[in-house]
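Structural overview for review
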Amino acid sequence: MASERKRGDQLEIAILEAADEIIQTLGYEKMTFQNVAKQANTSRTVIYRRYETPVDLLHGLVQYKSKQILGGKMMDLFEEKESLRADLIAVMEIFQRIVEAIGPKVLSALLFELRQRNESLQLWLNEAQESNMKLMKRIQDSAINRGEIKHEFSKIQMILPFNLLRLENVLSGGNVTRAYIVQLVDEVLMPVYLS
């Protein structure tokens with residue numbers, strides 16, 4: 001009996017899972033539409049209808065994995081704590097869950113494409129940074145209201161936690177522990193924000 005042809009969301013998931021499998025086993029350079037189509041048991045034409053380029057497919061994969069692990073946006077998942085330190089630890093733990101879901105190989109592929117100056121990926125990164133900055137503004141405003149700080153964070157201060165965690169994940173192969181996050185907050189971020 002022939003297998004039933006996948007459609008809609010089921011087909012989309014098969015394509016994204018195939019792309020991820022190829023990146024994990026063969027490397028990003030082998031994530032061609034031809035290889036993904038073969039792995040997903042579909043045609044290249046079907047993939048071209050959804051994604052213009054492999055970079056668009058990579059972006060789709062990152063969004064899929066992020067949504068899968070979180071089920072929503074970071075802003076919606078963040079719950080304010082009793083202090084700036086606790087808020088920073090909480091947001092870094094949420095962000096780390098996203099990075100772990102994406103995985104070091106997919107993260108490395110993203111960084112590779114960013115180095116190629118891919119415009120669509122750069123736009124997406126800018127949107128992600130804007131979202132991260134809104135979350136950091138919320139943390140900043142709470143810290144001001146509690147009297148922990150008297151000043152607003154600069155743009156660099158707002159994106160610093162996310163950039164440091166991305167970098168550490170790439171360098172460590174994704175082996176970032178809660179102890180590292182606490183140390184990052186205590187030894188790097190708190191001195192930056194309290195100065």
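If you're wondering where the values come from, they're calculated on a predicted model, not measured in any experiment.

1. Digging into unusual backbone geometry
Although it is not a glycine, N41 adopts a positive phi angle of roughly 60 degrees. As for its position among the elements, N41 is in the loop between α2 (33-40) and α3 (44-50).

2. Quick notes on the side chain of N132
Take N132: it is sitting in helix α8 (residues 119-145). Aside from chain neighbours lying at most four places away, what touches N132 is M74, F95, F162 and R166.

3. Looking at the pattern of salt bridges
Tallying each qualifying case throughout the model produces 8 salt bridges. For R178, the salt bridge goes to E93, with nearest N and O atoms at 2.4 Å. Residue R178 is found in helix α10 (residues 178-194), and its partner E93 is found in helix α6 (residues 84-102); the two are separated by 85 residues along the sequence. As a salt-bridge pair, E148 and R146 come within 2.7 Å of each other at their nearest N and O atoms.

4. Here's the deal with the environment of S108
Locating S108 in the fold gives a position in helix α7 (residues 104-115). When its relative accessible area of 35% is taken as the criterion, S108 is described as partly exposed. Here the alpha-carbon distance between S108 and V170, two residues 62 residues apart in the chain, equals 6.7 Å.

5. Examining helix α9 (residues 155-172)
The terminal C-alpha atoms of α9 lie 26 Å apart, and with 18 residues this matches the ideal 26 Å at 1.5 Å per residue to within 8%. Within the sequence span of α9, burial applies to Q157, M158, I159, P161, F162, L165, R166 and N169. At its buried positions, α9 is contacted by α5 (74-77), α6, α7, α8 and α10. With its phi angle positive at about 70 degrees, G173 sits one or two positions after the end of α9.

6. Comments concerning the nonpolar core
In terms of nonpolar packing, the biggest core is built from 64 residues, with I15, V36, L57, M74, L84 and L88 touching the most fellow members. Examining the composition of this core, we find that 11 residues originate from one element, α6, more than from any other. With near-sequence residues (within four places) excluded, L84 lies in contact with I139, A143, R146, E148, I149, F153, M190, Y193 and L194.

7. Structural notes on the layout of surface pockets
In this structure, the largest pocket spans a volume of roughly 790 Å³. Lining the largest pocket we find 27 residues, and of these S66, I98, W124, A128 and S131 sit closest to its centre. Mapped onto the lining of the largest pocket, the elements with two or more residues apiece are α4 (54-70), α5, α6, α7 and α8. Considered class by class, the residues forming the lining of the largest pocket number 15 nonpolar, 6 polar and 6 charged.

8. Examining the confidence of the model for the protein chain
In the predicted model, the protein chain carries a mean pLDDT of 89, and the fraction of residues at 70 or more is 96%. Here α5 stands out as the element of the protein chain with the lowest mean pLDDT, 75, in contrast to α10, whose mean of 96 is the highest.

Here is what the cut-offs are and how they apply
Residues numbered from 1 in each chain as written. Predicted model: local features only at pLDDT ≥ 70, side-chain atom pairs only at ≥ 80, totals over all residues. Heavy atoms only, no water. Helix = DSSP H or I, 4+ residues; strand = E, 2+ residues; numbered from the N terminus. Contact = heavy atoms within 4.5 Å. Salt bridge = Lys/Arg side-chain N within 4 Å of Asp/Glu carboxyl O. Buried < 20%, exposed > 50% of the residue type's maximum accessible area, 1.4 Å probe, protein only. Expected span 1.5 Å × (residues − 1). Core = buried A, V, L, I, M, F, W, Y, C linked by side-chain atoms within 4.5 Å. 1 Å grid on protein atoms, 1.4 Å probe; cavity = no way out; pocket = protein on both sides within 12 Å on 5 of 7 lines; lining within 4 Å. Points joined across faces, edges and corners; volume = space filled by probe spheres on them. Nonpolar A, V, L, I, M, F, W, Y, C, P; charged D, E, K, R; others polar. pLDDT = per-residue confidence, 0-100.

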